[in-house]
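A closer look at the structure
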Amino acid sequence: MLHGRMPLRAPAARASRRSSPYPGPPAMKVGVTNVVTRAGTVRGVDLGDVLSWQGIPYAAPPVGELRLRPPQPPAPWRGVRDATEPGKAAMQSVLPGLPAPVMDEDCLYVNVAAPPPDGRLRPVLVWVHGGGYLTGSGVDMYGDGGNFVRSHDLVVVSFNYRLGSLGFLDIGDSSGVSGLLDQVQALRWVRENIAVFGGDPERVTLYGLSAGAKSVANLLATPLTRGLIHRAASSSGGGDHVATEAQAKAVAGRFLRELGVGADRVREVPAAEMVAAQDAIATGVRALWVWRPVIDGTVLSGRPIDAIAAGAAAGIPLLAQTCGNEGGTFQMMDGSTAAQAPRVLAELFGAEEADTMLAAYRESRPELDDTALGLAVLGDERYGIPTTRLAEAQARHAPVWRSRYDGPFAGVPATTHLGRLLRGGHGADGPMIWRSVPLTDAADRALSAELHDTWGRFALGDTPGWTPYDTGHRQTMIFDSGRSRVEPDPRPIERRAWDGRTWPSGTWWHLDGLT
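Notes on the structure in this doc start here. (Residues numbered from 1 in each chain as written. Predicted model: local features only at pLDDT ≥ 70, side-chain atom pairs only at ≥ 80, totals over all residues. Heavy atoms only, no water.)

Points about empty space enclosed by the protein
Using a probe with the size of a water molecule, rolled over the atoms, empty space left in the structure can be pinpointed. The test is simple: Space inside and on the surface of the protein is sampled on a 1 Å grid over the protein atoms alone, with a cavity defined as a set of points where a 1.4 Å probe fits but cannot get out and a pocket as an open set with protein on both sides within 12 Å along at least 5 of 7 lines; lining residues have an atom within 4 Å of a point. Grid points are joined across faces, edges and corners, and a volume is the space filled by probe spheres set on the points. Numbered from the N terminus, helices here are DSSP runs of H or I no shorter than four residues, and strands are runs of E no shorter than two. Only Asp, Glu, Lys and Arg are considered charged, only Ala, Val, Leu, Ile, Met, Phe, Trp, Tyr, Cys and Pro nonpolar, and every remaining residue, Gly among them, polar.
The final tally for this structure, using the stated rule, is 5 cavities of 30 Å³ or more. For the largest cavity, the calculated volume is near 60 Å³. Around the largest cavity, the lining residues are Phe168, Asp170, Ala243, Gln247, Ala248, Val251, Val290, Trp291, Arg292 and Val294. The element best represented in the lining of the largest cavity is helix H5 (residues 245-259), accounting for 3 residues. For the lining of the largest cavity, the per-class residue count stands at 7 nonpolar, 1 polar and 2 charged.

Observations regarding a nonpolar patch on the surface
Using the following cut-off: Residues with no salt bridge and a relative accessible area higher than 30% make up the patches, which join like charges within 9 Å and nonpolar side chains (Val, Leu, Ile, Met, Phe, Trp, Tyr) within 5 Å. The Shrake-Rupley method, run with a 1.4 Å probe, gives the accessible areas here. Residue values count only the displayed protein chains as cover. Think of a salt bridge as a Lys or Arg side-chain nitrogen and an Asp or Glu carboxyl oxygen that are within 4 Å of each other. Think of it in three bands: with a 1.4 Å probe and only protein chains considered, a residue is buried below 20% of the maximum accessible area for its type, exposed above 50%, and partly exposed in between.
Taken together, the side chains of Met332, Met333 and Leu418 define a hydrophobic patch exposed on the protein surface, amounting to about 240 Å² of accessible area. By the element assignment, Met332 lies in helix H8 (residues 327-333). Among the residues examined, Met332 registers a relative accessible area of 40% and is labelled partly exposed.

Quick notes on the pattern of salt bridges
Pairs may arise between side chains of opposite charge once their charged atoms sit close together. Evaluated as defined, the whole model comprises 27 salt bridges. Close ionic contact of Asp182 with Arg162 constitutes a salt bridge, the shortest N to O distance being 2.7 Å. You can see Asp182 sitting in helix H3 (residues 178-193) and its partner Arg162 sitting in the loop between strand S8 (155-159) and helix H2 (164-168), a full 20 residues away along the chain. When its relative accessible area of 0% is taken as the criterion, Asp182 is described as buried. With a closest N to O distance of 3.0 Å, Arg254 and Asp512 form a salt bridge. Here Arg254, found in helix H5, pairs with Asp512, found in the segment after helix H15 (492-496); they are 258 residues apart in sequence, far enough to count as distant. A single network of salt bridges, built from pairs that share partners, joins Asp118, Arg120, Arg122 and Asp153.

Here is the structure:
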């Protein structure tokens, strides 16, 4: 889908003029959209101030014997391949209220948007979509990718990766990290091919939201991406959402029972039956955290946060954001969400400790009712505290900037009950950063422009504009309509309630013994 264009263009001084060992794109007139990649020639769409290519294979179709195996390079092709439409989305569960995408097991495609070429290489922004490792596609929020091209003279990339059971079912042989290996392969494709689109492979910023943000941490942690990432941005992520061997075995066992076959026959059943079996375990928001990369000892040797704390991503600047009301989005999707908080805390830390933590939240924000308090706790458990710890870990090795989004959920009227529930909700910042949803309120449009420019400047190599994060001051930018400001250590009582605590990342609901 195409989103509205921005009338802004960054000053010429922002554009990169540095030399690079990588060949740049050939000089060509506007209207010529053919580009020669390593696998073959692709034909894109000329939008005037943006050139767009979609549906370029970055790996071979992961079907048949390649199902649940590491991605393989794409087969070369002869002639000119059409790249004017996105490739089909990965096979996936569809969340209630959302349209089903056109999907296929053959899903490993990349999309590129770039300025008209002039021989220079621009910085690259690579987008990792979210969706709980269960749903979504590369064009989510990205659209045609043109907004950042027009505003900041960037080359912008998105891609699909395998989801759910097809991406993270663990039956051995690194199968539990297939989707993560897809992401690694997409970054390798960028390294090998982006120069012919006008992008600089030596200046790649990786940005993800939700599962995409957690993927950013995974990709920073794994040794397979050394030299492929130069800056990173995380919206509602963290570095802890991976499956232990025990968790992976429990999910695999339940899945195979639902599928009705043994592990030796998983590559034989239709992909639609794989999705049906994962839906039999859980659907909707309750299914969002069942599937995730597995600590396999090779791709991920342990929790990503621990590898990052030890210096796995040394020298890579990080922009780390969460939303001020992460839990609100999940309450909208499932009205029982907030009520899970006391039980979740009690199961993680014991009943007495759970009461202590809930009391801290009441002290911090006495105006919250029980529902809002539960959502605050769960939002911190899943995103707020993991992101703060990610910032602390990476700040030992590179500059880190911390921020929080308290603004509206784009497209939802702020004065309605739903608008109030979703203000600062999980995912609310994404459309504002991408400028992918029309806004009627002037203050909201200004906020979206502020966020968009912050991420664009960061991808260009600039600082976001406030003091880097450290554990002494914890300077945090609070983004809000007409009220953006920097605060030291916002909500400190709530943050300290989690001090000294670690816990396995699981689900908020009981799913037949799965955690």
